[in-house]
Amino acid sequence: MNRQELEAVIRRVVEQYQDNLTGSGDLSFPVEASANHVHLTREAVETLFGAGTELTCDRQLSQPGEFLSGQRLRLATAKGELGRVAVLGPERSAVQVEMSLTDLRRLGIKAPVNLSGNLSGAGDICLIGPEGALWAKGCVIAARAHIHMRPEDAARFGVTDRQEVKVRVEGERTVVFEHVIVRVSDRFALAMHIDFDEANACCLGKNSRGTIVP
């Protein structure tokens, strides 16, 4: 196969991929920034906010069943602290603290860039609530950029669960994010999540959207 034939094959593959996407209409998805936040267990909620306390819902989030609670915490280390950090609901089976790399460095925490739910190598921090404090050992991560998709979305975009993709986010500072993980579940709604460091890098706006780079 000569160079011209090879280029023709590559063009056909790319065009077929793009045709598969365009056949569904919109090729893009919303991109949302996640601020520093905490997920708590039932035991942790009661330790920090008092026995019998339930997380209250201030606002529903884009993912079905998830919400921003009315409760807030302080996060502290020997090097400093952050105040009024959001607690997200519902309760989980493990405490998890998600922070930007900027704030991790500010507080002197060594933590990995992991998918939410993966606490392998996670860092430590003290959680301080109005009724108590909790030493959260092995709970701190920087969340890896990811896209939530339903199975029908994944089929439409031609991707699979846990696949790594590149995503282009258009804006004042257009950025292509690499190593973005696709997460597929019928419980999800289509949206990409990045942290505030990444959002600042691309000047993320309220209605920013991303597209998968073929």
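Below: a short report on this structure. Worth saying up front: this structure is predicted, and the values here are computed from it rather than measured. (Residues numbered from 1 in each chain as written. Predicted model: local features only at pLDDT ≥ 70, side-chain atom pairs only at ≥ 80, totals over all residues. Heavy atoms only, no water.)

1. Brief notes about the layout of surface pockets
Any space left empty among the atoms is revealed by the rolling of a water-sized probe across them.
So, step 1. Space inside the largest pocket adds up to approximately 1000 Å³.
So, step 2. Surrounding the largest pocket, 41 residues form its lining, S34, L61, E66, L88 and H193 being those nearest its centre.
So, step 3. Elements with a minimum of two residues in the lining of the largest pocket: β1 (28-34), β2 (37-39), β3 (57-60), β4 (67-77), β5 (80-89), β10 (146-149), β12 (175-184) and β13 (191-195).
So, step 4. Each pocket or cavity is described by its volume, and for the second largest pocket that value is around 200 Å³.
So, step 5. Looking at the second largest pocket, it is lined by 13 residues, and the ones nearest its centre are V113, A143, R144, A145 and E198. (1 Å grid on protein atoms, 1.4 Å probe; cavity = no way out; pocket = protein on both sides within 12 Å on 5 of 7 lines; lining within 4 Å. Points joined across faces, edges and corners; volume = space filled by probe spheres on them. Helix = DSSP H or I, 4+ residues; strand = E, 2+ residues; numbered from the N terminus.)

2. Some words on the sheet that holds β13
Backbone-to-backbone hydrogen bonds join strands into a sheet, with any given pair of strands oriented parallel or antiparallel.
So, step 1. Pairing within the closed barrel is mixed, and its six strands lie in the order β1-β13-β10-β12-β11-β14. In this sheet, adjacent strand axes meet at a mean angle of 40° when their direction is disregarded.
So, step 2. In this sheet, β12 lies alongside β10 in parallel orientation, the contact comprising four bridges. Note that in β12 the partner of I147 across the bridge is V182. (Pairing = 2+ DSSP bridges. Axes fitted to C-alpha atoms, helices over the stretch in contact; angles between N-to-C directions.)

3. Quick look at the packing of aromatic side chains
So, step 1. Evaluated as defined, the whole model comprises one aromatic pair.
So, step 2. Geometrically, the ring pair formed by F29 and F157 is edge-to-face, given 5.9 Å between the ring centres and 70° between the ring planes. Of the two residues, F29 sits in strand β1 while F157 sits in helix α4 (residues 151-157), which places them 128 residues apart along the sequence.
So, step 3. By relative accessible area, which is 0% here, F29 ends up buried.
So, step 4. Since its relative accessible area comes to 2%, F157 is described here as buried. (Phe/Tyr/Trp six-rings, centres within 6.5 Å; stacked < 30°, edge-to-face > 60°. Buried < 20%, exposed > 50% of the residue type's maximum accessible area, 1.4 Å probe, protein only.)

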